[in-house]
Amino acid sequence: METVWSLAVLDLRDETVLLNAIGDRLEKGDAFGKLTGKQLLMVLWSYATLDRPHQGIMRAFMRRLRKVRHQLFASYIAQAIWSAARLIDRLDDEAELDDASMSSYELDVAAAQ
């Protein structure tokens, strides 16, 4: 957790491979189940600050947040909402870019599914 937080504090946004590897590792093996509410928030805030959304982290975070919400102060919850909103917005932007790069045929196929 400290590694991701340090990258965010130092604004090291170009560490995409490392951030993806950490995100993938956290997503697997219920690593989030071992984090306290504050640690969970630190990871989410770090990814949001770096503008590096990771879908697996978002899913795991939302599942885990329900279980640890009683550990969080109101200011932590507000920070979690900001972080989640920022990451969701970024994921939406990436989805729009993917849609823009698709051919009309690919869009029709995707819509049919």
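What counts and what doesn't
- Along each chain, residue indices are assigned from 1 in the same order as the chain's sequence is written.
- Totals for whole chains, interfaces and linings use every residue, but because this is a predicted model, local features are given only for residues with pLDDT of at least 70 and side-chain atom pairs only at 80 or more, for both listing and counting.
- Side-chain metrics in this entry use all non-hydrogen atoms of the structure; hydrogen atoms and water are not considered.
- Only runs of H or I of at least four residues qualify as helices and only runs of E of at least two qualify as strands under DSSP, and these elements are numbered from the N terminus.
- Per-residue accessibility, obtained with a 1.4 Å probe over protein chains only, is compared with the maximum for each type, and a residue is labelled buried under 20%, exposed over 50%, and partly exposed between these values.
- We call two residues contacting when some pair of their heavy atoms lies within 4.5 Å.
- A 1.4 Å probe and the Shrake-Rupley method give the accessible areas. Residues count as covered only by the protein chains that appear here.
- Throughout, nonpolar core names a set of buried Ala, Val, Leu, Ile, Met, Phe, Trp, Tyr and Cys residues whose side chains join them through atoms within 4.5 Å.
- By definition here, a salt bridge exists when the distance from a side-chain nitrogen of Lys or Arg to a carboxyl oxygen of Asp or Glu is within 4 Å.
- Here the axes come from fitting lines to C-alpha atoms, over the contacting stretch only for helices, and the angles between their N-to-C directions go from 0 to 180 degrees.
- Take the far helix as your reference; a near helix turned counterclockwise from it by less than a right angle gives a left-handed crossing, and one turned clockwise gives a right-handed crossing.
- Each residue is assigned to one class: nonpolar for Ala, Val, Leu, Ile, Met, Phe, Trp, Tyr, Cys and Pro, charged for Asp, Glu, Lys and Arg, and polar for all the others, Gly among them.
- The arc in question is formed by the directions pointing from the helix axis toward the C-beta atoms.

Trainee: So what about the overall build of the protein? Which residues, and what values?
Mentor: When its secondary structure is counted, the protein shows six helices and zero strands. Taken from N to C terminus, the helices and strands of the protein fall in the order α-α-α-α-α-α. The buried share of the protein, reckoned over its 113 residues, is 31%. Taking the intrachain contacts of the protein between residues at least 6 apart in sequence as the baseline, contacts between residues at least 24 apart amount to 77%. When the accessible surface of the protein is split by element, carbon and sulfur atoms take 55% of a total near 7200 Å².

Trainee: A description of the nonpolar core should follow, citing residues and the corresponding values.
Mentor: Counting 24 residues, the largest nonpolar core has Leu19, Val43, Leu44, Tyr47, Met58 and Leu87 as the members making the most contacts within it. For this core, the secondary-structure elements that each account for two or more residues are α1 (2–9), α2 (16–27), α3 (37–49), α4 (55–68) and α5 (74–101). For this core, the leading source of residues is α3, giving six residues. Non-local contacts of Met58, meaning those with residues more than four positions away in its chain, are made with Leu44, Ala84, Leu87, Ile88 and Leu91.

Trainee: Account for the pattern of salt bridges, with residues named and values stated.
Mentor: Tallied over the entire structure, the rule returns three salt bridges. The closest approach of N and O atoms between Asp51 and Arg13, which form a salt bridge, is 3.4 Å. Of the two residues, Asp51 sits in the loop between α3 and α4 while Arg13 sits in the loop between α1 and α2, which places them 38 residues apart along the sequence. For Asp51, a relative accessible area of 22% puts it in the partly exposed group. What makes Arg13 partly exposed here is its relative accessible area of 28%. Between Asp51 and Arg86 there is a salt bridge, with the nearest N and O atoms lying 2.9 Å from each other. Linking Asp51 in the loop between α3 and α4 with Arg86 in helix α5, this pair joins segments that are 35 residues apart in sequence. Among the charged side chains, a network of salt bridges with common partners joins Asp11, Arg13, Asp51 and Arg86.

Trainee: Quick one: what's the story with the packing of α1 against α2, residue by residue and with numbers?
Mentor: Packed helix pairs are characterised by how far apart their axes lie and by the angle those axes make with each other. Two elements in contact, α1 and α2, have axes separated by 11 Å at closest approach and are oriented at 145°. Handedness of the crossing formed by α1 with α2: left-handed. Two secondary-structure elements touch here, α1 through Thr3, Val4 and Leu7 and α2 through Leu18, Leu19 and Ile22. For the contact of α1 with α2, the class distribution of residues is five nonpolar, one polar and no charged.

Trainee: Describe α1, with residues and values.
Mentor: Of all the residues in α1, the buried ones are Val4, Leu7 and Ala8. Viewed along the axis of α1, the buried residues span an arc of 100°, placing them on a single side of the element. The elements touched by buried residues of α1 are α2 and α3. Among the residues trailing α1, Asp11 stands out with phi positive, at a value near 55°.

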